[in-house]
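Residues per chain are reported as follows:
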Amino acid sequence: MPSQQSEPPDDRLARLRGPQPPQPYTARKITALTANPACARRAVLDAAGVDKALLAQQVGYEPRFGQSPFALAREQAFHGLVKWGGYAELIRLLREQLSVPVAEAHVTDLNEVGGNTALPVRERETRRLIAHVASGQDVRLILDRPVLALEVAGQTAYLEPDALTHRIEGKFHVVLIRSFAAIDGQANPTAVAEAAKQAAVYVLALRRAFDTAGLPIEQISHKFLLVCPKDFSNRPYGRLIDLRQELDALQFQLSRLRRAEDLAAGLPETATLDTTRSTDELSSSIEALDASYTPSCLSFCEMARYCRDEADGCASPARLGNGVRNDLPGIDSTRTALDYLDGVAAPGEAEVEAADLLRAAARLRRLRRGAA
């Protein structure tokens, strides 16, 4: 579970956020950001540590998604069960499911280091312990609440996986604990896919830790261990899942992200994202950041409904989805597209191809109506 981010963003981003405590990066936020890497608005809000749910409320949009209190309580209870007794259940899974001789396994608590809970301190200690295990001095070490670092849009994100690292047959594995059930060995594919994306974030961060410590990243497995309840009981069940596809996609999307501080530098000096300021001030600052709305944003971004209404107001083709946006290159408004179609306006050289496609689609539509 995440905790506060110890290192604040740079001064400009911190000034934009105001006096509110920064919201940390999480694996869930990073996967959402990389799902829409062209969205400068989300990149700056996340880098500045702005509470997007509160910001959306302040400008009149109540976020309509998120885990229910019941789901959160269930997840916490399952985490407690897996971690109970020095991770006795996880050790059982490693022994029974993966044939790992872990009778001597022990746990190192990284919730604090000598009473210091600062994330950079815990991240350095995590890297030291990883180097210790990788050297073969202790092959059965489980890390409780390790901290890993990853560069995201030019910022250092500190990640606290509820996952652990453990060496199995010479390979380090990331472990994710989730509370959705596996019925007859099969879990909800959507939930598993989301867990895999988040596990890929942790694996990339683990690779960075290895690289920083001068260790070969080949020691990191491209599979992660997913632990979830078995059938309708609370009995933990584990399965290894291949991550190679998710890792390739995530690396590519992270490389496409623009630096958040460069994006923020283009804002007016008076811009603010301080959630204690007036609605007009906040709306003006939000609108100064380019958004890249698509309908899929509704499933993962707290600001999505605000951006949807904004896209409606300017008739953005993206409002209708990536397919329509990609089919209309150079045309930034559906009103303009209709003008080309009706002959009210003539397309420019760069828009001729898209206009021809629109006319062809309109002819097909008329033919289908005639056939009907």
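Residues numbered from 1 in each chain as written. Predicted model: local features only at pLDDT ≥ 70, side-chain atom pairs only at ≥ 80, totals over all residues. Heavy atoms only, no water.

## Focus: the packing of helix α6 (residues 119-134) against helix α7 (residues 189-212)
Thinking step 1. Their axes nearest at 10 Å, the elements α6 and α7 cross at an angle of 70°. For the element pair α6 / α7, the angle class is roughly perpendicular. The residues of α7 that touch α6, namely those facing E123, R127 and I130, are L206, R208, A209, F210 and T212.
Thinking step 2. Residue composition of the contact of α6 with α7, grouped by class: 4 nonpolar, 1 polar and 3 charged. (Axes fitted to C-alpha atoms, helices over the stretch in contact; angles between N-to-C directions. Helix = DSSP H or I, 4+ residues; strand = E, 2+ residues; numbered from the N terminus. Parallel < 35°, antiparallel > 145°, perpendicular 65-115°, else oblique. Contact = heavy atoms within 4.5 Å. Nonpolar A, V, L, I, M, F, W, Y, C, P; charged D, E, K, R; others polar.)

## Observations concerning the pairing of strand β2 (residues 141-144)
Thinking step 1. Side chains L141 and L143 of β2 all project onto a buried face; the interleaved residues I142 and D144 project onto the opposite face, where all are buried too.
Thinking step 2. Here 4 bridges tie strand β1 (residues 106-109) to β2, and the two strands are oriented parallel to one another. Looking across to β2, one finds that H106 is bridged to L141. (Buried < 20%, exposed > 50% of the residue type's maximum accessible area, 1.4 Å probe, protein only. Pairing = 2+ DSSP bridges.)

## A few points about the packing of aromatic side chains
When we look at a pair of aromatic rings, we describe it by the centre distance and by the angle of the planes.
Thinking step 1. All told, the structure shown has 2 aromatic pairs when counted by the stated rule.
Thinking step 2. Both rings, one in Y61 and one in Y306, keep their centres 5.4 Å apart while their planes meet at 75°; by these two values the pair is edge-to-face. Here the residue Y61 occupies a position in the loop between α4 (52-58) and α5 (69-98), and Y306 occupies one in helix α11 (residues 304-313), the gap between them amounting to 245 residues.
Thinking step 3. Take Y306: its relative accessible area is 7%, and that puts it in the buried class. (Phe/Tyr/Trp six-rings, centres within 6.5 Å; stacked < 30°, edge-to-face > 60°.)

## A closer look at unusual backbone geometry
Thinking step 1. One non-glycine residue, A153, adopts positive backbone phi at about 50°.
Thinking step 2. Within the fold, A153 resides in the loop between β3 (148-152) and β4 (155-159).
Thinking step 3. Taking the relative accessible area as the measure of exposure, A153 reaches 6% and is therefore buried.
Thinking step 4. Phi at D184 is positive, roughly 50°, even though this residue is not glycine.
Thinking step 5. Mapped onto the fold, D184 is located in the loop between β7 (182-183) and β8 (186-187).
Thinking step 6. Look at D184 and you get exposed, because its relative accessible area is 69%.

## Comments concerning the nonpolar core
Thinking step 1. Core analysis: the largest hydrophobic core is formed by 78 residues, its most contacted members being I30, L150, V152, F224 and M303.
Thinking step 2. Not counting the four nearest positions on each side in its chain, F224 is found in contact with V174, L176, A195, A196, A199, R239, L240, I241 and L243.
Thinking step 3. Membership of the second largest hydrophobic core comes to 17 residues, among which are V82, Y87, I168 and I177. (Core = buried A, V, L, I, M, F, W, Y, C linked by side-chain atoms within 4.5 Å.)

## Notes on the packing of helix α2 (residues 27-35) against α7
Thinking step 1. Where α2 contacts α7, the axes come no closer than 9 Å and their chain directions differ by 100°. For the element pair α2 / α7, the angle class is roughly perpendicular. For the pair formed by α2 and α7, the contact residues are A27, R28, I30 and T31 on the first element and E194, K197, Q198, V201 and Y202 on the second.
Thinking step 2. Grouping the constituent residues of the contact of α2 with α7 by class yields 4 nonpolar, 2 polar and 3 charged.

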